[in-house]
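# Inside the fold
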Amino acid sequence: VGGLVARAVPLLHAHSRPFIQNIITLATPHSGLPYAQEKGVHDFLSILTENQNSTALNNTLVVSISGGLRDELIPPEVCDVNQVVPYGISVLAHEIMPPKKDPKSI
């Protein structure tokens, strides 16, 4: 959930906004955690959700890279950043670098 913390920094610390141009996240569940959470995590996610229309990230590109369809811990559909930030790109890891083909495989 480090990507969620990175998204929260400009919301909670306005003086940091000029220094944050890009945020790159790996397997971050931007649209909600796919499993149960304790109250503190729930409250933190509520702050992000309530402020997703804030101008804090207006000048920041957020790139979300998910593990893809084989990621059993964090499904790719919860890693989509396009609905929660003004400027976001969501990609699956295999779209960046296709898997190497084993010459011995069929």
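Description of the structure in this document. These figures come from a predicted structure and were not determined experimentally. (Residues numbered from 1 in each chain as written. Predicted model: local features only at pLDDT ≥ 70, side-chain atom pairs only at ≥ 80, totals over all residues. Heavy atoms only, no water.)

## Regarding the pairing of strand β1 (residues 22–26)
Alternating positions in β1 separate cleanly, Ile-23 and Thr-25 being buried on one face and Asn-22, Ile-24 and Leu-26 remaining unburied on the opposite face. Traced from β1 through helix α2 (residues 39–50) to strand β2 (residues 61–66), the parallel crossover comes out right-handed. (Buried < 20%, exposed > 50% of the residue type's maximum accessible area, 1.4 Å probe, protein only. Helix = DSSP H or I, 4+ residues; strand = E, 2+ residues; numbered from the N terminus. Right-handed = clockwise from strand over helix to strand, strands pointing away.)

## Side note on the sheet that holds β1
What the 3 strands build is an open sheet, ordered β1-β2-β3; its pairing is parallel. Two strands close off the open sheet at either side, each with one partner strand: β1 and β3 (88–92). The average angle at which neighbouring strand axes cross in this sheet is 15°, direction not considered. Here β1 runs beside β2; their pairing, made up of 5 bridges, is parallel. The partner of Thr-25 across the bridge, within β2, is Ser-64. (Pairing = 2+ DSSP bridges. Axes fitted to C-alpha atoms, helices over the stretch in contact; angles between N-to-C directions.)

## Quick notes on the packing of helix α1 (residues 2–12) against α2
Angle between the axes and distance between the axes: these two values describe a pair of packed helices. Put simply, α1 and α2 touch, their axes get as near as 10 Å, and they point 55° apart. With respect to their mutual orientation, α1 and α2 come out oblique. Considering the relative orientation of α1 and α2, their crossing is left-handed. Contact with α1, carried on its side by Leu-4, Val-5, Arg-7, Ala-8 and Leu-11, involves Phe-44, Leu-45 and Leu-48 of α2 and no other residues of that element. (Parallel < 35°, antiparallel > 145°, perpendicular 65-115°, else oblique. Left-handed = near helix turned anticlockwise from the far one by under 90°. Contact = heavy atoms within 4.5 Å.)

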